[in-house]
Amino acid sequence: MKMEEEGLQFLYLSEPDMLEAGVLDMKQCVKTIEDMFRLAGKGDYIMGGPKRDSHGIMLWYPDEPAFEGMPKAGPDRRYMVMPAYLGGRFHVTGQKWYGSNVENIKKGLPRSILMFSLNDADTGAPMAIMSANLLSAARTGAVPGVAAKYLKSATAENIAVIGCGVINHACIMAIAEGMGRVSKVYLYDINRDRALSFQQDMEKELNAEYVVCDTLEDVLKNADVISVATAGKVKVHITPEMLKPGALLTITGTADLPKEMYLKNRVAVDNWQMHLDYLEEGKMCYQGIEGIRDWASSYDMLMLYEQGLLKEDNIVSLGEVVAGTALPRKNEEDKLLLVVGGLPIEDVAWGYDLYNNALEKGLGQKLKIWDLSLIHI
């Protein structure tokens, strides 16, 4: 749109608009996130904070508020903004607004309510504001897909799914895209009916043999790529002995892993510098480092790093692998662990491509901020 003709406008995209724009097109999403990781590996990005690698800025609600009406800390309760700039073909800035409260479920709302805004990198003018729950789920799922392409063993063909929910649906579609071939998909959930329902949904989208397993050992023993996306107070417990040689274990969310999992295997992360920023935030938190335990997926590995047990030469950022500046494996027998925290530049990349899809399809509503006559007032 031309500002001199129409004043200053932005495009509003509702969730139905996002669906029509292709927000759940995992093939395109994996390609977009792969492009993003290649730029990240070269350093062509900026995230928040003085070191330009922050996950975002969060409101740390107090355990015991001193004022009536002030939000109180609780399970998975946080509010944050995640700003970022991404270069290359994107050359755009954006920010995701993230509100989360497990009590939302009782009100008929999703646990997390997300919005995303896209801005011109030079002027700061808004380009779009869009519904972001599906955007965030898709880009989260795409990361294991990119990881599967670059970190899997050469003979990988079977997937294990631990936690049969919305996030893992996106993860498995992306992993299948990244792997290129899938023979079997092993499913495990503490609620067997949920696993069976997950199977029925997946059979419509991914052609493979499905096996619902009753134990963690059964779901893991033949798996080449494992996707863990679970929630709740009880974390899934996985030991190195449960994994076959050459396996890739991807953690989207949190899991209970013994320290040997980090110390005896190669560890990949979405962006190591961002996880180090988590550590610094924890040290500044009023609760101390314990303050990041509930939401930082890398908490356990950061504690091992802080104690000097986990060395940086055993940690690789996925962007470096995609950019070709680092090798993830020493041999095909290596077991790899991928820990992701979620990068704001993922939202920027996928949001930007969906914005352009929407423009091509004539989707959304153009909303005016001001007329040309008001610009210089």
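Conventions adopted
- Residues numbered from 1 in each chain as written.
- Predicted model: local features only at pLDDT ≥ 70, side-chain atom pairs only at ≥ 80, totals over all residues.
- Heavy atoms only, no water.
- Helix = DSSP H or I, 4+ residues; strand = E, 2+ residues; numbered from the N terminus.
- Buried < 20%, exposed > 50% of the residue type's maximum accessible area, 1.4 Å probe, protein only.
- Contact = heavy atoms within 4.5 Å.
- Polar contact = N/O pair within 3.5 Å; in protein donor to acceptor, adjacent residues only side chain to side chain.
- Phe/Tyr/Trp six-rings, centres within 6.5 Å; stacked < 30°, edge-to-face > 60°.
- Lys NZ or Arg CZ within 6 Å of the ring centre and 35° of its normal.
- Expected span 1.5 Å × (residues − 1).
- Pairing = 2+ DSSP bridges.
- Axes fitted to C-alpha atoms, helices over the stretch in contact; angles between N-to-C directions.
- Salt bridge = Lys/Arg side-chain N within 4 Å of Asp/Glu carboxyl O.
- Left-handed = near helix turned anticlockwise from the far one by under 90°.
- Nonpolar A, V, L, I, M, F, W, Y, C, P; charged D, E, K, R; others polar.

Quick look at the environment of R78
Thought 1: Residue placement: R78 occurs in strand β4 (residues 78-86).
Thought 2: For R78, a relative accessible area of 14% puts it in the buried group.
Thought 3: Apart from the residues lying within four places of it in its own chain, the contact partners of R78 are M58, Y61, Y98, G99, S100 and W295.
Thought 4: Polar contacts involving the side chain of R78 include one to the side chain of Y98, which spans 3.0 Å.

Observations concerning the packing of aromatic side chains
Thought 1: The full count for this structure, using the stated rule, is two aromatic pairs.
Thought 2: Ring centres of F90 and Y352 lie 5.8 Å apart, and the angle between their planes is 70°; on these two criteria the pair is classed as edge-to-face. Here F90, found in the loop between β4 and β5 (92-100), pairs with Y352, found in helix α12 (residues 344-361); they are 262 residues apart in sequence, far enough to count as distant.
Thought 3: Between the NZ or CZ atom of R77 and the centre of the ring of Y61, over which it lies, the distance is 5.5 Å.

Here's the deal with unusual backbone geometry
Thought 1: With a phi angle near 65°, R52 is a residue other than glycine that sits in the positive phi range.
Thought 2: In this fold, R52 is placed in the loop between β2 (45-47) and β3 (57-59).
Thought 3: Of note in the backbone geometry, H91 takes a positive phi value of approximately 40° without being a glycine.
Thought 4: Relative to the helices and strands, H91 resides in the loop between β4 and β5.
Thought 5: The partly exposed category is assigned to H91, whose relative accessible area is 40%.

Here's the deal with helix α4 (residues 133-151)
Thought 1: A rise of 1.5 Å per residue sets the reference length of α4, with its 19 residues, at 27 Å; its end C-alpha atoms lie 27 Å apart and thus fit the reference within 8%.
Thought 2: Burial within α4 is extensive, with 15 of its 19 residues counted as buried.

Observations regarding the environment of P245
Thought 1: Position of P245 relative to the elements: it lies in the loop between β11 (225-228) and β12 (248-252).
Thought 2: Residues P245 and A223, 22 residues apart in the sequence, show an inter-C-alpha distance of 9.7 Å.
Thought 3: Once you skip the residues sitting within four places of it in the chain, P245 turns out to touch E333 and K335.

Thoughts on the sheet that holds strand β8 (residues 158-162)
Thought 1: Across the sheet, eight strands lie side by side as β10-β9-β8-β11-β12-β15-β13-β14; this open sheet has parallel pairing. Every other strand in the sheet has two partners, leaving β10 (209-212) and β14 (315-317) as the edge strands with one partner each. Between one strand axis and the next, the sheet turns by 20° as a mean value, whatever way the strands run.
Thought 2: Alignment of strand β9 (residues 184-188) against β10, held across four bridges, turns out to be parallel. When the bridges of β10 are listed, L187 appears paired with V212.
Thought 3: Of the strands in this sheet, β12, β13 (266-269) and β15 (336-340) touch α4, which is tilted by about 165° from β12.

Describing the pattern of salt bridges
Thought 1: Throughout the structure, instances matching the rule amount to 19 salt bridges.
Thought 2: With its nearest N and O atoms 2.8 Å apart, the salt bridge here joins D353 to R89. Placement of the pair is D353 in helix α12 and R89 in the loop between β4 and β5, with a sequence separation of 264 residues.
Thought 3: Here D353 falls in the buried class, since its relative accessible area comes to 8%.

Digging into the packing of α4 against helix α5 (residues 166-179)
Thought 1: One can describe the packing of α4 onto α5 by two numbers: an axis separation of 7 Å at closest approach and a directional angle of 35°. The two elements α4 and α5 cross, and the hand of that crossing is right-handed. Side by side, α4 and α5 meet where A137, T140, G141, A142, P144, G145, A148 and K149 of the first sit next to I167, A170, C171, A174, I175, G178 and M179 of the second.
Thought 2: Taken together, the residues that form the contact of α4 with α5 break down as 10 nonpolar, four polar and one charged.

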